[in-house]
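Here is what each chain is made of, one letter per residue.
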Amino acid sequence: MVDLMRATPPIVMGVLNVTPDSFSDGGLYDDLDAAVRHGAELRLQGAHLVDVGGESTRPGAARVDADTEIKRVVPVIAALTAAGVPASVDTTRAAVAAAAIEAGAAVVNDVSGGLADPAMRRVVAAAGCPYVVMHWRGHSADMQSLAAYDDVVAQVRDELSRRVDEALAAGIAADQIIVDPGLGFAKTAAHNWALTRHLDELIALGFPVLFAASRKSYLGLLLDGRPAPDRDAATTATSVLAVAAGAWGVRVHDVRSTVDALAVWRATGSPRLRYEG
Ligand code: PMM
């Protein structure tokens, strides 16, 4: 099993959505063989782990039930684990997390940061595995109406800090917690850029920061409406800038170009970025 928290950062998490409707790879990997093949390929390209999701979280997406989510993710996680490919499960549900851990998932990636399911923190604490606590304000159907902040950086930092305290109180070890600003989740493009520019304020919480901008719609807006699969160069640029600003890891669809770009960053001495003002 991968000991993610001891691996040398930057960590690269490859995205594998086994859904019919995710915004950029929906429908591509919803049969088991195609999903496992793609997950194995992401690993060969240099992903530390493959993040398997069975419910789309794109803005406005309808929810699926827990059984459907389990049927989608568990066989893929079991097959990847059997093939030696470390997997995380991208879910907000305790029952799905428990089934995924049973099947071999090494990490729980909870985009709700523990808010969506009161049993989630208990499941993660009992498993003793790493837990990604993302900033979140509500389910996809209505999250964009929750994108209101006086000071997005301070509020995301404070809300994340509360989620971390709740995780610690539930018995999750501090050294298993990873935080994530949740780009695009109840956030406008301007909010995402502000969080990117002030990543140091999230890093100051004292936990590894996962930065997950991959192919998100604000990158499409930046690029005059470019569709999701054509946003990888912009994703790679922002991922490298985030790592240079101190992010611990990135979650991306295009693992190969991310790994290559990070190799360039390392070869130039892993320069650190500091924004003025
Ligand atoms: N974004 C998506 C899904 N899972 N997990 C984390 N930790 N952070 C994110 O920003 C995030 C996530 C959005 O959907 P995608 O799977 O199609 O990228």
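What you see is a predicted model, and the numbers here were worked out from it, not measured in a lab.

## With respect to the layout of surface pockets
Turning to step 1, where the next piece is worked out: In this structure, the largest pocket encloses a volume near 440 Å³.
Turning to step 2, where the next piece is worked out: Along its surface, the largest pocket is lined by 32 residues, and F23, T57, L183, F185 and K216 are the ones closest to its centre.
Turning to step 3, where the next piece is worked out: Within the residue set of the lining of the largest pocket, elements represented by two or more residues are β1 (11-17), α6 (189-197) and α8 (217-222).
Turning to step 4, where the next piece is worked out: Among the elements that take part in the lining of the largest pocket, α8 stands out by supplying 3 residues, more than any other.
Turning to step 5, where the next piece is worked out: Here the residues of the lining of the largest pocket sort into 13 nonpolar, 12 polar and 7 charged.
Turning to step 6, where the next piece is worked out: Lining the second largest pocket are 12 residues, with D200, A245, L273, R274 and Y275 positioned closest to its centre.
Turning to step 7, where the next piece is worked out: Of the residues belonging to the lining of the second largest pocket, the class tally is 5 nonpolar, 3 polar and 4 charged.

## Focus: the sheet that holds strand β4 (residues 107-110)
Turning to step 1, where the next piece is worked out: An order of β6-β5-β4-β3-β2-β1-β8-β7 is seen for the 8 strands of this open sheet, with the pairing classed as parallel. Taken across any chain shown, the strands that pair with only one partner, and hence form the sheet edges, are β6 (177-180) and β7 (210-211).
Turning to step 2, where the next piece is worked out: Where helix α1 (residues 32-44) meets the sheet, its contacts fall on β1 and β2 (49-53), and the angle it forms with β1 comes to roughly 165°.
Turning to step 3, where the next piece is worked out: Across the face of the sheet, helix α9 (residues 232-244) comes into contact with β7 and β8 (249-252) while running at roughly 165° to β8.

## Things to note about α9
Turning to step 1, where the next piece is worked out: The end-to-end C-alpha distance of α9 is 18 Å, a good match for the 18 Å that 13 residues give at a rise of 1.5 Å each.
Turning to step 2, where the next piece is worked out: Among the 13 residues that make up α9, 10 are buried, leaving the element largely enclosed by the rest of the structure.
Turning to step 3, where the next piece is worked out: For α9, the full list of buried residues reads D232, A234, T235, T236, T238, S239, V240, A242, V243 and A244.
Turning to step 4, where the next piece is worked out: Those residues of α9 that are buried are in contact with α6, α7 (199-203), β7, α8, β8 and α10 (255-267).
Turning to step 5, where the next piece is worked out: Immediately downstream of α9, the backbone of G246 shows phi near 115°, a positive value.

## Observations concerning the packing of α1 against helix α2 (residues 66-82)
Turning to step 1, where the next piece is worked out: Closest axis-to-axis distance for the α1/α2 pair is 10 Å, and the angle between their directions is 45°. By the angle between their axes, α1 is oblique relative to α2. Regarding α1 and α2, the two cross each other, and that crossing is right-handed. Mapping the contact onto sequence places L32, A35, V36, G39 and A40 in α1 and P75, V76, A79 and L80 in α2.
Turning to step 2, where the next piece is worked out: For the contact of α1 with α2, the per-class residue count stands at 8 nonpolar, 1 polar and no charged.

Calculation criteria
- Residues numbered from 1 in each chain as written.
- Predicted model: local features only at pLDDT ≥ 70, side-chain atom pairs only at ≥ 80, totals over all residues.
- Heavy atoms only, no water.
- 1 Å grid on protein atoms, 1.4 Å probe; cavity = no way out; pocket = protein on both sides within 12 Å on 5 of 7 lines; lining within 4 Å.
- Points joined across faces, edges and corners; volume = space filled by probe spheres on them.
- Helix = DSSP H or I, 4+ residues; strand = E, 2+ residues; numbered from the N terminus.
- Nonpolar A, V, L, I, M, F, W, Y, C, P; charged D, E, K, R; others polar.
- Pairing = 2+ DSSP bridges.
- Contact = heavy atoms within 4.5 Å.
- Axes fitted to C-alpha atoms, helices over the stretch in contact; angles between N-to-C directions.
- Expected span 1.5 Å × (residues − 1).
- Buried < 20%, exposed > 50% of the residue type's maximum accessible area, 1.4 Å probe, protein only.
- Parallel < 35°, antiparallel > 145°, perpendicular 65-115°, else oblique.
- Left-handed = near helix turned anticlockwise from the far one by under 90°.

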